[in-house]
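# Structural overview
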Amino acid sequence: METRFSHEPAPILTFSREGVRALDRAAAEDLGIPGLILMENAAAALEAAYRQRADPGLTASAIVLAGPGNNGGDGFALARRLANRGVQVVIALAFDPARAKGDAATNLAIVQRMGLQLITLSAGNIDRALAPLLSAKRTIVIDALLGTGADREPRGLIADAIEWSNAARSAGAFVMAVDIPSGLDCDSGRPLGAGVVHADLTVTLAGMKRGLRTPESRRWSGEVLVGDIGAPPSLLRRFADA
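The text that follows walks through the structure, step by step, so that each part is easy to find. (Residues numbered from 1 in each chain as written. Predicted model: local features only at pLDDT ≥ 70, side-chain atom pairs only at ≥ 80, totals over all residues. Heavy atoms only, no water.)

## A closer look at the overall build of the protein
How we decide: Secondary structure elements are taken from DSSP: a helix is a run of H or I of four residues or more, a strand is a run of E of two residues or more, and numbering for both begins at the N terminus. C-alpha atoms define the radius of gyration in this analysis, and the globule rule sets the expected value at 2.2 Å times the number of residues to the power 0.38. Classification of residues uses two cut-offs on accessible area relative to the type maximum, computed with a 1.4 Å probe and protein chains only: under 20% is buried, over 50% is exposed, and between them is partly exposed. It only takes one pair of heavy atoms within 4.5 Å for two residues to be counted as in contact. Areas reported here follow the Shrake-Rupley algorithm with a probe of radius 1.4 Å; residue values treat only the protein chains shown as occluding. Counted as positive: Lys and Arg. Counted as negative: Asp and Glu, with His and the chain ends omitted from the count. Where a charge lies is defined by one atom per residue type: Lys uses NZ, Arg uses CZ, Asp uses CG and Glu uses CD.
Scanning the protein for helices and strands turns up eight helices and nine strands. Relative to the compact-globule value of 18 Å for 242 residues, the protein shows a C-alpha radius of gyration of 16 Å, a close match. Projected onto the principal axes, the alpha-carbon positions of the protein cover approximately 45 × 45 × 40 Å. The buried share of the protein, taken over its 242 residues, is 52%. A sequence separation of at least 24 residues applies to 78% of the contacts in the protein between residues at least 6 apart. Summing over all exposed atoms, the protein offers an accessible surface of approximately 10600 Å²; the carbon and sulfur share of this is 48%. Seen as two clouds, the 26 positive and the 26 negative side-chain charges of the protein have centres 1 Å apart.

So this is what it looks like as structure tokens:
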């Protein structure tokens, strides 16, 4: 019997980029829900989705590709949870760690104090740094580079990390995107530029995103699950699409 995904919010609603931003603000300002709680709930949903959908052979190792924003923060929290379950985790930072702020910086500090392996990527060293980490078993690559707020073509290290993720998938890795595949527009479901992560599984948070409703987006999103972040249904309805 198929197990139901345990972090699926009810009801599942659809959000625009601005709706997501307004939801996050209201959760903090109106209800007093700390961002760290929402981030931890997101990580729990990501972990649950991974454990339900991924092949058991994927649990040997994980590579978290992290960007500088809250999407990266979700990735740090997920990395901690996977490491606690015995998964060998490497976190690859596609940004200067000194740029981390807020809740993402808090979760980065936690994984640093835990002693998880962190690699700060630089131009030209991505494949050299990460290719040896791909396991003989299918490794999971977690795309935590860009979130729903991204509205321009990825450049620099982020673009390079997207390209590497796609190459790793072609080589047999399983790719899971956090919230939305990096490089895909949240509202249109179309690429923001030339580089978009090709995911096997996308765990989008709080509710569906407009862009993930479009048939063309499935080329990049793979299977899409919706993960609960603990926002009350009344708040979700307030900022969802009509």
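## What to know about the nonpolar core
Let me state the cut-off plainly: The criterion is simple. A nonpolar core is a set of buried Ala, Val, Leu, Ile, Met, Phe, Trp, Tyr and Cys residues joined through side-chain atoms within 4.5 Å.
Membership of the largest hydrophobic core comes to 46 residues, with the highest contact counts inside it found for Ile91, Ile142 and Met176. Setting aside chain neighbours within four positions, we find isoleucine 142 in contact with Ala62, Ile63, Val64, Leu65, Leu78, Leu82, Met176 and Val178.

## Description of helix α2 (residues 35–53)
Quick note on the threshold: Helix span is expected to be 1.5 Å times the residue number reduced by one.
Counted at 1.5 Å a residue, the expected span for α2 with its 19 residues is 27 Å, and the 27 Å between its end C-alpha atoms agrees. Those residues of α2 that fall on the buried side of the exposure criterion are Leu38, Met39, Ala42, Ala43, Ala44, Ala45, Leu46, Glu47, Ala48, Ala49 and Tyr50.

## A closer look at the sheet that holds strand β5 (residues 140–144)
Stated formally: Here, a strand pair is defined by DSSP locating no fewer than two bridges between the strands. Structural elements are reduced to axes, namely lines fitted to C-alpha atoms, with helices fitted over the stretch in contact, and the angle between N-to-C directions of any two is expressed from 0 to 180 degrees.
Pairing within the open sheet is parallel, and its seven strands lie in the order β4-β3-β2-β5-β6-β7-β9. Pairing within the sheet leaves two strands with one partner each, and these edge strands are β4 (117–120) and β9 (223–227). Recorded for the sheet is a direction-independent mean angle of 20° between the axes of neighbouring strands. In the sheet, strand β6 (residues 174–178) pairs with strand β7 (residues 201–205) via three bridges, with the strands oriented parallel. Looking at the pairing, alanine 177 lines up with threonine 202 of β7.

## Considering the side chain of threonine 202
Defined as follows: Counting of polar contacts relies on pairs of N or O atoms within 3.5 Å, with two restrictions inside protein: one atom must be capable of donating a hydrogen and the other of accepting it, and residues adjacent in sequence are counted only when both atoms are side-chain atoms.
Of note, threonine 202 is situated in strand β7. Within the local environment of threonine 202, its side chain forms a polar contact with the backbone oxygen of serine 221, the two atoms lying 2.8 Å apart. Excluding residues within four positions of it along the chain, threonine 202 makes contact with Ala177, Asp179, Ile180, Pro181, Leu212, Ser221, Glu223, Val224 and Leu225.

## What about helix α6 (residues 156–170)?
Helix length check: α6 (15 residues) gives 22 Å between terminal C-alpha atoms against 21 Å at 1.5 Å per residue, within 8%. Among the residues of α6, those classed as buried are Ile158, Ala161, Ile162, Trp164, Ser165, Asn166 and Ala168. Just downstream of α6 lies glycine 172, where phi reads positive at about 120°.

## Some points on the environment of glycine 195
Here glycine 195 lies in the loop between β6 and β7. A relative accessible area of 28% places glycine 195 in the partly exposed class. Measuring from C-alpha to C-alpha, the distance between glycine 195 and threonine 214 comes to 19 Å, with 19 residues separating the pair along the chain. In this view, glycine 195 contacts Pro154, Ile162, Ser182 and Gly183; residues no more than four positions away in its chain are not counted.

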